[in-house]
Amino acid sequence: MLPDDLRTALDQALTPFAPQELSDSAARITERYRVAGVSTGGNHLRSRADIAAYAAYRMPATYAAASTAMRQAAALTPGFEPRSHLDAGGGTGAAIWAAAGIWPSIEKVAVVEHDAHIIDLGRRLARGGPQPLRGTTWRQASVAADLDRPAADLVTMSYALGELPEPDRSGVVKWLAEGAAMVIIIEPGTPAGHATVAAAREVLAAQGRTIVAPCPHDGACPIQPGRDWCHFSVRLPRTSLHRRIKAGTLSFEDEKFSYVAAATGPWPRPAARVLRHPHKRKGVVSLRLCTDGDGLRDVIVSKRQGDLYRQARDVDWGDAWPPAD
């Protein structure tokens, strides 16, 4: 759920546009992405209505995915209290809103975004948020490994790394990590999105960073490319306008995403991470796990295991296993 102040600001930003105009723009944007692909670096947002429509139907999902990934990272780094946040390719600012809700210690925020009209909307939305967001520095620039940037404790990049040419991504990941205590990269929960995150993870691990989430280890990913992919899901509600813009009938949607969070210094990690929806039937719970040391494992927890079974009944896709006390 978007914060009340963000939802209010977004609703106000959409008032100049008729719902049908936003719906038509959303359909055109979707078709442009389908035809051109997200990795071309092309400009799919060509008008103010396009930008408003994109914010309306993508900002809630991006916020939900970013909040979920950040919450998992924060749970494993209780002493991490960032004062500054840099969001690269930040769009209208979903990730800075998410970070402000997870880490109230943030005092200084900066966003790098290449589109001036997107920046304009992001700035207007941030004016209705908490003080750190109202003072956000918005810079119009394309993310690149040679771009000068402010120092930041927390650096994020959501749904943007995969839009860069593949040869440029490794350098950009190093650029993201420069001087940062934590880096979080989020991509769509598709095989291509997972591949982008997995490659970024290799770069971050090679720097000696601790992969705090979702992986329970810093070693090679045990998932074989082409056979499966690591991704997670978060359910978010749809408003009536959201449903109309997306031509959907359900009151909710499931946003699937892949992510990696890497931090400097050693941090404790869970023994495993749940990689799929647990399969629950009478007296038995089946879990697909990524483990520290044993790769991928399928584990069955039965009612005879008492407390562990009760924990398994409550665990969800993406959770640490076993749950922390």
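What counts and how
Residues numbered from 1 in each chain as written. Predicted model: local features only at pLDDT ≥ 70, side-chain atom pairs only at ≥ 80, totals over all residues. Heavy atoms only, no water. Helix = DSSP H or I, 4+ residues; strand = E, 2+ residues; numbered from the N terminus. Rg over C-alpha atoms; globule rule 2.2 N^0.38 Å. Buried < 20%, exposed > 50% of the residue type's maximum accessible area, 1.4 Å probe, protein only. Contact = heavy atoms within 4.5 Å. Areas by Shrake-Rupley, 256 points an atom, 1.4 Å probe, with all protein chains shown as cover. Lys, Arg positive; Asp, Glu negative; His and termini not counted. Charge placed at Lys NZ, Arg CZ, Asp CG, Glu CD. Expected span 1.5 Å × (residues − 1). Bend = angle between axes of the 7 residues up to and from the residue. Phe/Tyr/Trp six-rings, centres within 6.5 Å; stacked < 30°, edge-to-face > 60°. Axes fitted to C-alpha atoms, helices over the stretch in contact; angles between N-to-C directions. Parallel < 35°, antiparallel > 145°, perpendicular 65-115°, else oblique. Left-handed = near helix turned anticlockwise from the far one by under 90°. Nonpolar A, V, L, I, M, F, W, Y, C, P; charged D, E, K, R; others polar. Core = buried A, V, L, I, M, F, W, Y, C linked by side-chain atoms within 4.5 Å. Patch = residues over 30% accessible without salt bridge, like charges linked within 9 Å, V, L, I, M, F, W, Y side chains within 5 Å. Salt bridge = Lys/Arg side-chain N within 4 Å of Asp/Glu carboxyl O. Polar contact = N/O pair within 3.5 Å; in protein donor to acceptor, adjacent residues only side chain to side chain.

Concerning the overall build of the chain
Link 1 in the chain: Check the secondary structure of the chain and you find 10 helices and 13 strands.
Link 2 in the chain: In terms of overall dimensions, the chain is globule-like: its C-alpha atoms have a radius of gyration of 20 Å, near the 20 Å expected for 325 residues.
Link 3 in the chain: Judged by the C-alpha coordinates and their principal axes, the chain covers about 60 × 45 × 40 Å.
Link 4 in the chain: The proportion of buried residues among the 325 residues of the chain is 52%.
Link 5 in the chain: A fraction of 71% describes how many contacts in the chain between residues 6 or more apart in sequence connect residues 24 or more apart.
Link 6 in the chain: For the chain, the exposed area adds up to about 15200 Å²; of that, 51% sits on carbon and sulfur atoms.
Link 7 in the chain: Here the chain contributes 39 positive and 35 negative side-chain charges, whose respective centroids are spaced 5 Å apart.

Observations concerning helix H3 (residues 48–76)
Helical geometry: 3.6 residues make up each α-helical turn, so side chains three or four residues apart lie on a common side.
Link 1 in the chain: With 29 residues, H3 extends 40 Å between its outermost C-alpha atoms, agreeing within 8% with the 42 Å of an ideal straight helix rising 1.5 Å per residue.
Link 2 in the chain: Approximately 45 degrees is the largest bend angle found in H3, and it occurs at Arg58, with the proline Pro60 only one to four residues beyond.
Link 3 in the chain: Where burial is concerned, most of H3 is hidden: 25 out of the 29 residues are buried.

A short note on the packing of aromatic side chains
Link 1 in the chain: Applying the stated criterion across every chain, the model contains 5 aromatic pairs.
Link 2 in the chain: Relative to Phe257, the ring of Phe232 lies with its centre 6.4 Å away and its plane at 50 degrees, an arrangement referred to as tilted. Here Phe232, found in strand E7 (residues 232–237), pairs with Phe257, found in strand E8 (residues 252–263); they are 25 residues apart in sequence, far enough to count as distant. Pair check on accessibility: Phe232 and Phe257 agree, each one buried.
Link 3 in the chain: Relative to Tyr259, the ring of Phe257 lies with its centre 5.8 Å away and its plane at 40 degrees, an arrangement referred to as tilted.

Here we look at the environment of Gly89
Link 1 in the chain: Within the secondary structure, Gly89 sits in the loop between strand E1 (84–88) and helix H4 (94–102).
Link 2 in the chain: Through-space distance from the C-alpha of Gly89 to that of Met157 is 6.3 Å; in sequence the pair is 68 residues apart.

Describing the environment of Leu6
Link 1 in the chain: You can see Leu6 is positioned in helix H1 (residues 4–14).
Link 2 in the chain: The exposure class of Leu6 is buried, given its relative accessible area of 0%.
Link 3 in the chain: For the pair Leu6 and Arg127, spaced 121 residues apart in the sequence, the C-alpha separation amounts to 9.5 Å.
Link 4 in the chain: Excluding residues that lie within four positions of it along the chain, Leu6 makes contacts with Met59, Trp97 and Leu125.

Section: the packing of helix H7 (residues 166–177) against helix H8 (residues 191–206)
Link 1 in the chain: Between H7 and H8, the shortest axis-to-axis distance is 9 Å and the interhelical angle comes to 55 degrees. The pairing of H7 with H8 is recorded here as oblique in orientation. Helix-helix and strand crossings are classified by hand; for H7 and H8 the assignment is right-handed. Across from Arg169, Ser170, Val173, Lys174 and Ala177 in H7, the residues of H8 making contact are Thr196, Ala200, Val203 and Leu204.
Link 2 in the chain: Here the contact of H7 with H8 is composed, by residue class, of 5 nonpolar, 2 polar and 2 charged.

Here we look at the nonpolar core
Link 1 in the chain: By size, the foremost hydrophobic cluster in this structure holds 67 residues, and its most contacted members are Met70, Trp103, Met182, Ile184 and Phe257.
Link 2 in the chain: With 18 residues, the single largest contributor to this core is H3.
Link 3 in the chain: In this structure, Ala141, Trp175, Ala177 and Val183 belong to the second largest nonpolar core, which totals 29 residues.

Here we look at H7
Link 1 in the chain: In this model, H7 (12 residues) spans 18 Å end to end at C-alpha, consistent with the 16 Å of a helix rising 1.5 Å per residue.
Link 2 in the chain: Three or more residues of H7 are buried, namely Arg169, Val172, Val173, Trp175, Leu176 and Ala177.
Link 3 in the chain: Where H7 is buried, its residues meet E1, strand E4 (154–158), strand E5 (182–188) and H8.
Link 4 in the chain: Trailing H7 by a residue or two, Gly179 shows a phi angle of about 75 degrees, which is positive.

Points about a positive patch on the surface
Link 1 in the chain: Together, Lys280, Lys282, Lys303 and Arg313 line one region of the surface with positive charge.
Link 2 in the chain: Looking at the secondary structure, you find Lys282 in the loop between strand E10 (279–281) and strand E11 (284–291).

Description of the pattern of salt bridges
Link 1 in the chain: In total, this model carries 11 salt bridges according to the counting rule given.
Link 2 in the chain: A salt bridge links Asp218 to Arg269, with the shortest nitrogen-to-oxygen separation between them at 2.5 Å. In this pair, Asp218 sits in the loop between strand E6 (210–213) and E7 while Arg269 sits in the loop between E8 and strand E9 (272–274), placing the two residues 51 residues apart along the sequence.
Link 3 in the chain: Under the relative-accessibility criterion, Arg269 is labelled partly exposed at 29%.
Link 4 in the chain: Taking the shortest distance from any N to any O, the salt bridge between Asp254 and Arg235 comes out at 2.7 Å. With a gap of 19 residues between them, Asp254 in strand E8 and Arg235 in strand E7 connect regions that are remote in the sequence.

Considering the side chain of Glu255
Link 1 in the chain: The topology assignment puts Glu255 in strand E8.
Link 2 in the chain: Within polar-contact distance, the side chain of Glu255 engages the side chain of Arg58 at 3.1 Å.
Link 3 in the chain: A polar contact of 2.7 Å, which involves the side chain of Glu255, links it to the side chain of Tyr159.
Link 4 in the chain: Not counting residues up to four positions away in its chain, the partners in contact with Glu255 are Arg58, Ala61, Ala65, Tyr159, Phe232, Ser233, Val234 and Leu236.

Treat this as a map of the structure, not an account of what it does.
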